[in-house]
Amino acid sequence: MLAEYLNSFLSNMNAIARRVASNNNLSLSQYYTLRNIASDGISMGALSSLVVVDNSTLTRNINVLISRELVDKRRSE
């Protein structure tokens, strides 16, 4: 029973995420990338682990978000 509720909850959350991404002309991967960037920033390595994508996919997503002026990228000190 609990597994059914959890599955239903996750399905609904994914549907909401897809709708929000679509409404903002983002891929689902770009949406999850953007959603996981803290206001004070995050390293590419930590972000890659959070969104579970390889570095090349993350770099492509970040470049799209930069071009749309949704994020900016700075070298860590």
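Counting restarts for each chain: residues are numbered from 1 in the order of the written sequence. Predicted model: local features are reported for residues with pLDDT of at least 70 only, side-chain atom pairs are reported and counted for 80 or more only, and whole-chain, interface and lining totals are derived from all residues. With hydrogens and water excluded, all non-hydrogen atoms of the structure serve as input to the side-chain values.

Q: What is the right way to read the packing of helix 2 (residues 28–35) against helix 4 (residues 55–67) from this model?
A: Helix-helix packing is characterised by the crossing angle of the two axes and by the distance between the axes. Axis lines are fitted through C-alpha atoms, for helices just across the contact stretch, and the angle between N-to-C directions can take any value from 0 to 180 degrees. For the purposes of this entry, the term helix denotes a DSSP run of H or I that reaches at least four residues, the term strand denotes a run of E that reaches at least two, and both are numbered from the N terminus. Running from amino to carboxyl end, helix 2 crosses helix 4 at an angle of 80 degrees, the nearest separation of the two axes being 10 Å. Taken together, the axis directions place helix 2 and helix 4 in an arrangement best described as roughly perpendicular. Here Ser 29, Gln 30, Thr 33 and Leu 34 of helix 2 come into contact with helix 4, specifically with Thr 57, Leu 58, Asn 61, Ile 62, Val 64 and Leu 65. Here the term charged refers only to Asp, Glu, Lys and Arg, the term nonpolar to Ala, Val, Leu, Ile, Met, Phe, Trp, Tyr, Cys and Pro, and the term polar to all other amino acids, Gly among them. Split by residue class, the contact of helix 2 with helix 4 holds five nonpolar, five polar and no charged. Orientation categories follow fixed angle ranges, with anything under 35 degrees roughly parallel, anything over 145 roughly antiparallel, 65 to 115 roughly perpendicular, and all other angles oblique. Whether two residues are in contact is decided by their heavy atoms: any pair within 4.5 Å suffices.

Q: How should I be thinking about the layout of surface pockets in this particular structure?
A: Over the atoms a probe the size of a water molecule is rolled, and this reveals where empty space is left. A 1.4 Å probe that fits but cannot get out identifies a cavity on a 1 Å grid over protein atoms alone, an open set with protein on both sides within 12 Å along at least five of seven lines counts as a pocket, and a residue lines either if it has an atom within 4 Å of a point. Grid points are joined across faces, edges and corners, and a volume is the space filled by probe spheres set on the points. Reported here for the largest pocket is a volume of approximately 500 Å³. Around the largest pocket, the lining comprises 17 residues; the ones closest to its centre are Gly 41, Ile 42, Asp 72, Lys 73 and Arg 74. In terms of residue class, the lining of the largest pocket is made up of eight nonpolar, four polar and five charged.

Q: Help me understand the side chain of Thr 33 in this model?
A: Within the secondary structure, Thr 33 sits in helix 2. Within the structure, Thr 33 has its side chain in polar contact with the backbone oxygen of Ser 29 (distance 2.8 Å). With near-sequence residues (within four places) excluded, Thr 33 lies in contact with Leu 47, Val 51, Leu 58, Asn 61, Ile 62 and Leu 65. Polar contact is defined as a pair of N or O atoms within 3.5 Å, subject to the rule that within protein one atom must be able to donate a hydrogen and the other to accept it, and that residues adjacent in sequence are counted only when both atoms are side-chain atoms.

Q: When you look at the environment of Leu 28 in this model, what are you seeing that I'm missing?
A: Mapping Leu 28 onto the fold places it in helix 2. The exposure class of Leu 28 is partly exposed, given its relative accessible area of 31%. Between the C-alpha atoms of Leu 28 and Asn 7, which are 21 residues apart in sequence, the distance is 19 Å. When near neighbours in sequence (up to four residues on either side) are disregarded, Leu 28 contacts Ala 17, Arg 18 and Ala 21. A simple rule labels every residue: compare its accessible area, found with a 1.4 Å probe on the protein chains alone, to the largest value its type can have, and call it buried under 20%, exposed over 50%, or partly exposed in between.

Q: Teacher, can you tell me more about the packing of aromatic side chains here?
A: We describe a pair of aromatic rings using the distance from one ring centre to the other and the angle between the two ring planes. Pairs were defined over the aromatic rings of Phe, Tyr and Trp, the Trp ring being its six-membered one, requiring ring centres within 6.5 Å. Orientation was assigned from the angle between planes: stacked under 30 degrees, edge-to-face over 60, tilted for the rest. Applying the stated criterion to the full structure yields one aromatic pair. Considering the side-chain rings of Tyr 31 and Tyr 32, the 5.5 Å spacing of their centres and the 55 degrees angle between planes classify their relative orientation as tilted.

Q: How should I be thinking about helix 2 in this particular structure?
A: Listed as buried for helix 2 are Gln 30, Tyr 31 and Thr 33. One side of helix 2 holds all its buried residues, which, seen down the axis, span an arc of 160 degrees. Where the residues of helix 2 are buried, they touch helix 1 (2–23), helix 3 (44–51) and helix 4. Think of it as the arc spanned by the lines of direction from the helix axis to the C-beta atoms.

Q: Is there a simple way to think about unusual backbone geometry in this case?
A: Peptide bonds are trans in most cases, and residues, glycine excluded, mostly fall at negative phi. One non-glycine residue, Asn 25, lies in positive phi territory at about 55 degrees. Looking at the secondary structure, you find Asn 25 in the loop between helix 1 and helix 2. Taking relative accessible area as the criterion, Asn 25 reaches 64% and is therefore assigned exposed. We note that Glu 69 has phi near 60 degrees; this positive angle belongs to a residue other than glycine. Note on placement: Glu 69 falls in the segment after helix 4. On the accessibility criterion, Glu 69 (73% relative accessible area) is exposed.

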